[in-house]
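# Report on the structure
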Amino acid sequence: MTERVPASEVTVVDESDPVEPRTMKEMVAETLLLLPNVVVLLTRLLRDPRVPIRRKVFVGSVLAYVVSPVDLVPDFVVGLGRLDDIVFVSLAIDHLMSGADAEIVREHWNGSQDGLDLIRSAFSWIAAVVPDTVRELLPR
């Protein structure tokens, strides 16, 4: 037989209006504010021996590509010049973070869980431009 809970102990559900979704501009601004935490996270992940070395080498290779004068799309092409850099960096960071256990990433993250979720979403969203056939070639 189930025991009845007195009405005074019933949890009230929040029936207020839902929060409006953030615009892309708001999400980009919020992401940029998290940039210092991202730099710290990446530095710590690259130094952590529990993160696979192949993924670290891939990140280093992408960073070398970004600073090199050779580009798939030249930087002087307005609107597209930095696009390849952004996609490659996002792919490398997404690949590095997905190669580490979630607990390791959380251990090295200085910000809130919401901030980490936003960063992961942003990098994986941009990296999703890369076809799966290319992603399968990345080091494990």
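Here, the structure is the one placed above.
Below or above, wherever it landed, is the structure these notes cover. It should be emphasised that the depicted structure is a prediction, and the values quoted were computed from it without experimental measurement. (Residues numbered from 1 in each chain as written. Predicted model: local features only at pLDDT ≥ 70, side-chain atom pairs only at ≥ 80, totals over all residues. Heavy atoms only, no water.)

### What to know about the overall build of the chain
Filter applied, for reference: Counting from the N terminus, the helices are DSSP H or I runs at least four residues long and the strands are E runs at least two residues long. Only C-alpha atoms enter the radius of gyration, while the globule expectation follows 2.2 Å times N to the 0.38, with N the number of residues. Contacts are residue-level and defined by heavy atoms, with any inter-residue pair within 4.5 Å sufficient. Throughout, the Shrake-Rupley method with a 1.4 Å probe supplies accessible areas, and for residues the shown protein chains are the sole cover considered. The charged-residue count follows a simple rule in which Lys and Arg add positive charge and Asp and Glu add negative charge, with His and chain termini not counted at all. Where a charge lies is defined by one atom per residue type: Lys uses NZ, Arg uses CZ, Asp uses CG and Glu uses CD.
In terms of helices and strands, the chain carries seven helices and zero strands. In the chain, the succession of helices and strands from N to C terminus is α-α-α-α-α-α-α. The C-alpha radius of gyration of the chain comes to 20 Å, more than 25% above the 14 Å expected for a compact globule of 140 residues. With respect to the three principal axes, the spread of C-alpha positions in the chain is 70 × 40 × 30 Å. At a minimum sequence separation of 6, the contacts of the chain that also span at least 24 residues come to 66%. Carbon together with sulfur atoms contributes 62% to the accessible area of the chain, which is approximately 10,200 Å² in total. In the chain, 14 side chains carry a positive charge and 21 a negative one; their mean positions are 9 Å apart.

### Brief notes about the pattern of salt bridges
The following threshold applies: Any Lys or Arg side-chain nitrogen found within 4 Å of a carboxyl oxygen on Asp or Glu counts as a salt bridge. Between buried and exposed lies partly exposed: a residue is buried under 20% and exposed over 50% of the maximum accessible area for its type, with that area taken using a 1.4 Å probe on protein chains only.
What the rule picks out here adds up to three salt bridges. Residue Arg 50 is joined to Asp 48 by a salt bridge in which the shortest nitrogen-to-oxygen separation is 2.7 Å. Judged by its relative accessible area of 45%, Arg 50 is partly exposed. Between Arg 50 and Glu 107 there is a salt bridge, with its nearest N and O atoms 3.0 Å apart. Of this pair, Arg 50 sits in the loop between helix H2 (35-47) and helix H3 (53-67) while Glu 107 sits in helix H5 (residues 102-108), placing them 57 residues apart in sequence. Here Glu 107 falls in the partly exposed class, since its relative accessible area comes to 47%. The structure contains a network of salt bridges with shared partners spanning Asp 48, Arg 50 and Glu 107.

### So, the nonpolar core
The condition that has to hold: By convention a nonpolar core is built from buried Ala, Val, Leu, Ile, Met, Phe, Trp, Tyr and Cys residues, the set being connected through side-chain atoms within 4.5 Å.
The biggest cluster of nonpolar side chains holds 26 residues, and the ones touching the most others in it are Leu 41, Leu 45, Met 97, Val 105 and Trp 109. Elements supplying a minimum of two residues to this core: H2, H3, helix H4 (83-99), H5 and helix H6 (113-127). For this core, the leading source of residues is H4, giving six residues.

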